[in-house]
Amino acid sequence: MKKILKRSLLLTMAIMISFGFTACTPGNNDPNNPNNPNEPGITTDKPVNTVTESEEHFVTNGLHNVKVTDSDRKFRENGETQYKIVFTDNSYNRKAASFMVQHISKALGVSVKSEVAAEDTTYTADAKVIVLNVPSMFTAAGLSMPSADLGINGYYIKNVGNSYFIATQEQTGIQNGAIAFLRHFIGYEMYAVDTVVYDRKEDTIPDMEIVERPDFDLRVQGNKVTSDAIYGMGFQDSGSIFIAVEGETWHNSLNFLPKETYQASHRKWYSTKGNEVCYTAWGDDNELELMTTTVADKMVKYANDNPTKPNICFTIEDHNDNCDCGGCKASREAYNGTDSAAVIKFTNKVNRKVQAKLLEQANGVEANKRKLNILFFAYTKMEKPPVVMDETTGKWKPIDDSVICDPEVGVYIAPIYAAYNQSFYHENNVSAKNIIEGWGALSNKLYMWLYETNYSHYLYPINTYDTMIETYRFCKANNAEYMMNEGQYNQGNVTHFSKLKEYFNARAEFNVNDNYASIVNDFFKNYFGEAEEPMRRYFDELQAHLRYLEAAYPADVNGNIYNPMEQTKLWPSGTLRGYLKLIDEAYEKIEPLQKTDPERYEVLKKHIKLESIFPRFALLSLYSGTFAPTDLYNARLEFKGDCKDFDIVYVKEYTSIDTVFADWGL
C-alpha cells in the first residue's frame, strides 16, 4: 500500500508544489499558468444534475408485475437444505441451474443438488423443488402460462405448495428468470464480475408471483466484459442474437450477393457505382423477383443452420453513396428524397418469401414455425424514414402503406451524430428524436445501436452518465426491443467510471423506469465499499467539471463521440491533481482491509486503481514538462505497467496505446 500511495502522490507533487490544491468553482484566466491563483481544482459547488426523471417520461408499455412476500417456509435448516433444482435438459436450463446452485451455495453456505427431470417426474404438494421449464410438473401443479406476452426473455415465477416454478415462452428467458429468482430469494446483485452481493441471507424463502419481461428483450453489454459478467448481469452476446453471413453480421449485403458470383449475369442487382446492391434492381421487376428469391433462399439456409438465433441482417455496406439508376431515382422522388423506402419494400419482399418457406418447413403449422426477424440499417443515406407529419395528431405517419414494415422486419438505428451528453428528449437531439419516432411509426421492431464512449480518446470521459436513462425511456416508448449502448468493445477495461455504465446498463435496460440516483448509490456503495465516499466525490466532481466544459467550450465538448478532449484548456492540472488526491484518500480508506480481509482489499484496490488511469494519463500527456525527467520516466513506466495489468490496449478506437508508449520512449 505504501508504494501505491507514494505513486499517486508523486504525480500530484511532481508537477509543481507551488500549485497547491484549490477548491474553487470552475473559471480561470490561464489554466496553463502554474502561478494562476484561479486555476480550477475540485469544485465545492453541488454537481449539476441534468437528468429529468419526471413521470412524464416514464413508460407504460413495460411488463414488471412483481409480488414477493415473506413466508415462514424453510429453505435452510441446520445448515442444510432439502430443496433441489429440477430442469428439462437443454443447454439453457442446464446453465441456469448451475448458475443458481453456484450462487445459492455462496450466499447461504448450503449444498443444493440439481438434476434433469425424468419422464415420470411429477409434482407433489410436499416436494421441495425449484422447477425450471418442466411442463408436466408445471401443469400438474395446476399452473398455466400468463396471458401477457413474455417475449424472448421474459419469465413467470410462481410457488405452489413448497415448490417454485420458473417458466418461459422461449428457451433463452430462463437466464433472466434464474437471476430474478435469486434477486428476490438471496438478494443477488452483480455490480461487476468480481463484485457480487447477497443482501438476503435468511433461512426462509419468500412467496413469489412474478410476471416480468425485460424492457429491451435483447440487451448487449457495450464494453468488452467476460462471459460470466454477460450472463450474471442479464445480457446476451451479439453472437447468440444475430446470424453471421459469411462471417459478417453487419454491412453484409455483398456477402449475400457476391459480385463475383452474380454480377456477370445480373448487372441490375448492383448499384450504379457497383459498391452496393440496388434495392430496386434498376426498376426491373423480373430482376427484383430473382434477386429477392436468391436472398430469401440463403436466409432460410442460414436460419436452419442457426436454429436458436432470432435475427439475421441484410444491411448496406459502409459508405454513403447513392444508386443513380432510374428505379432508385423514382423511389427517392416518390418518398421525399429518402433512399430507405426502397430498402423497406425490398426487405418486406424478402421476408414474405422467407416466412412462407419457414411455414412450409413446419408443415403449415404456424405455432411450430421457426421464428426469424430480418433487419436493415437506418444508417448514413438510409437513416431518414419515409414518413410525413400528421397535422391532426402531431405524429409521424408513413407516406403510404407500402413502406410499413412487416411484423418480422426490424430496423437497426445507429444515431452516430447525436449529442450523447443529453437525452433524446433534449432540444439538442431533435434530429435523432425525429428519426427514431419516424421509424417507430413504420416498424414494431426498433433495434438501437447507441454510443457511450469517445472513440477519438478512449482514456478521456464522455458525460453520458445521467442522460441515458431518459434516452432508454424514449427508445422503449418508441417500440425498441433491442439495446446496445456501445462502449469500448475492444478494450479489456475502461477507466473514467465506465464500470458504473456497465452496471447502469444492466439495471436501466431491464427496467427503464428505474431510478438513476438509486442505481448510482447502489453501485458506489458496493463496488467501492469502504472507499465509497472519496470515490463518489471524485465522480460527482468529474460530472460537474464536464458540465462546466459543455458551457465554457461548446464547440469542443458537446456530447459527440469524437470530441477533442485531450486539451490543456479542458483539463487544468489542479483539477486532475484533485482527482488523484481523492484516489489517495480512497486507498487510505481500504488500508485496514489489507490485514482483516486481504481478498476484499485486492478487489477494491483494483477498482480504485482503474479510476486513476484517466487523470494519470492526462497529467503525463498534457503536463509532462512540469515533471523532473527521472520522475516523468518512472511515472510513465508505472502507468504502462498498470495498463498492461488492466488489458488497456487502445488509446482510441483503432490506435494501439503502444504508439503513446513509443512516443514516451518506453
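This text goes with the structure placed above it.
These numbers were taken from a predicted model, which means no experiment stands behind them. (Residues numbered from 1 in each chain as written. Predicted model: local features only at pLDDT ≥ 70, side-chain atom pairs only at ≥ 80, totals over all residues. Heavy atoms only, no water.)

A. Broad picture of the overall build of the chain. Regarding its fold elements, the chain presents 21 helices and 20 strands. Relative to a compact globule of 666 residues, whose C-alpha radius of gyration would be 26 Å, the chain shows 28 Å and is just as compact. Along the three orthogonal principal directions, the C-alpha set of the chain runs to about 80 × 75 × 50 Å. When burial is assessed residue by residue, the chain has 57% of its 666 residues classed as buried. (Helix = DSSP H or I, 4+ residues; strand = E, 2+ residues; numbered from the N terminus. Rg over C-alpha atoms; globule rule 2.2 N^0.38 Å. Buried < 20%, exposed > 50% of the residue type's maximum accessible area, 1.4 Å probe, protein only.)

B. View of the sheet that holds strand E3 (residues 113-116). Strand order across the open sheet formed by seven strands is E1-E9-E5-E6-E4-E2-E3, with mixed pairing between neighbours. Strands at the two margins of the open sheet, each flanked by one partner only, are strand E1 (63-69) and E3. Here the average twist between neighbouring strands, direction ignored, is 15°. Looking at chain direction, strand E4 (residues 129-132) and strand E6 (residues 163-167) are connected through three bridges and run parallel. Paired with Leu132 across the two strands is Ile166, which belongs to E6. Most of the contacts of helix H2 (residues 91-108) go to strand E2 (residues 84-87), to which it runs at about 170°, and overall it touches E2, E3, E4 and E6. Most of the contacts of helix H4 (residues 174-186) go to strand E5 (residues 155-160), to which it runs at about 50°, and overall it touches E1, E4, E5, E6 and strand E9 (207-213). (Pairing = 2+ DSSP bridges. Axes fitted to C-alpha atoms, helices over the stretch in contact; angles between N-to-C directions. Contact = heavy atoms within 4.5 Å.)

C. Focus on the side chain of Asn93. With respect to the helices and strands, Asn93 occurs in helix H2. The exposure class of Asn93 is buried, given its relative accessible area of 1%. In this structure Asn93 touches Phe87, Thr88, Leu132, Asn133 and Ile174, once residues within four positions along its chain are discounted.

D. Spotlight on helix H20 (residues 629-646). For H20, built from 18 residues, the straight-helix expectation of 26 Å at 1.5 Å per residue is met to within 8% by its first-to-last C-alpha distance of 26 Å. Among the residues of H20, Leu632, Ala635, Arg636, Phe639, Asp642, Cys643 and Phe646 are the ones counted as buried. For H20, the angular spread of buried residues about the axis comes to 120°, placing them on one side. Across H20 from its buried face, at more than 90 degrees, point the exposed residues Pro629, Thr630, Lys644 and Asp645. Trailing H20 by a residue or two, Asp647 shows a phi angle of about 60°, which is positive. (Expected span 1.5 Å × (residues − 1). Arc of directions from axis to C-beta.)

E. The sheet that holds strand E17 (residues 446-451), seen in detail. Read across the sheet, seven strands follow the order E10-E18-E17-E16-E13-E12-E11 without closing on themselves; strand pairing throughout is parallel. Of all the strands in the sheet, the pair left with one neighbour each is strand E10 (218-220) and strand E11 (242-243). Against the sheet, helix H11 (residues 340-361) touches strand E13 (373-378) and strand E16 (409-413), its axis set at about 170° to E13.

F. Geometry of the side chain of Thr464. Here Thr464 is to be found in the loop between E17 and helix H13 (468-477). The buried category is assigned to Thr464, whose relative accessible area is 2%. Sequence-distant contacts of Thr464, that is, excluding residues within four places in its chain, are made with Tyr420, Tyr451, Glu452 and Lys501.

G. Local environment of the pattern of salt bridges. According to the stated counting rule, one finds 37 salt bridges in the structure shown. A salt bridge links Asp284 to Lys268; the nearest nitrogen and oxygen atoms lie 3.1 Å apart. On the criterion of sequence distance, the pair formed by Asp284 in the loop between helix H8 (259-262) and helix H9 (285-305) and Lys268 in the loop between H8 and H9 is long-range, its members being 16 residues apart. Lys268 gets classed as partly exposed once you look at its relative accessible area, which sits at 32%. (Salt bridge = Lys/Arg side-chain N within 4 Å of Asp/Glu carboxyl O.)

H. The nonpolar core, seen in detail. Judged by nonpolar contacts, the single largest core of 186 residues is most densely connected at Phe181 and Trp571. Among residues more than four places away in sequence, those in contact with Phe181 are Met100, Ile130, Ile157, Tyr164, Ile166, Ile205 and Met208. In this structure, Ala117, Tyr156, Val160 and Ala167 belong to the second largest nonpolar core, which totals 17 residues. (Core = buried A, V, L, I, M, F, W, Y, C linked by side-chain atoms within 4.5 Å.)

I. Molecular detail of the packing of aromatic side chains. Scanning the entire structure with this criterion turns up 66 aromatic pairs. On the numbers, 5.8 Å between centres and 20° between planes, the contact of Tyr472 with Phe504 is stacked. One end of the pair, Tyr472, is in helix H13; the other, Phe504, is in helix H14 (residues 498-508), and 32 residues separate them in sequence. Looking at Phe504, the relative accessible area reads 5%, which means it is buried. Measuring from ring centre to ring centre gives 6.2 Å for Phe617 and Trp664, while their planes differ by 40°; the resulting arrangement is tilted. (Phe/Tyr/Trp six-rings, centres within 6.5 Å; stacked < 30°, edge-to-face > 60°.)

J. Here's a closer look at unusual backbone geometry. At Asn78, a residue that is not glycine, the phi angle is positive and equals roughly 55°. Its location among the elements puts Asn78 in the loop between E1 and E2. Take Asn78: its relative accessible area is 81%, and that puts it in the exposed class. Notably, Asn479 is not glycine yet its phi reads approximately 75°, a positive angle.

K. Spatial organisation of the pairing of strand E7 (residues 188-192). Where burial is concerned, most of E7 is hidden: five out of the five residues are buried. As paired strands, E7 and strand E8 (residues 195-198) are joined by four bridges and run antiparallel to one another. Residue pairing across strands places Met190 opposite Val196, the latter belonging to E8. What sits between E7 and E8 in their antiparallel hairpin is a turn of two residues.

L. Spotlight on helix H10 (residues 326-334). Listed as buried for H10 are Gly327, Cys328, Ser331 and Arg332. Buried residues in H10, looked at end-on, bunch into an arc of 135°, giving them a common side. Relative to its buried face, H10 has exposed residues pointing more than 90 degrees away, namely Gly326 and Glu333. For H10, the elements touching its buried residues are H11. Positioned one or two residues after H10, Asn336 has a phi angle of 55°, which is positive.

M. Region of the structure containing the state of the cysteines. All told, the structure shown has zero disulfides when counted by the stated rule. Free cysteine Cys325: the closest other cysteine sulfur is in Cys328, separated by 3.6 Å. You can call Cys325 buried: its relative accessible area is 4%. Among the cysteines around Cys405, which has no disulfide bond, Cys313 carries the closest sulfur, lying 13 Å off. (Disulfide = S-S within 2.5 Å.)

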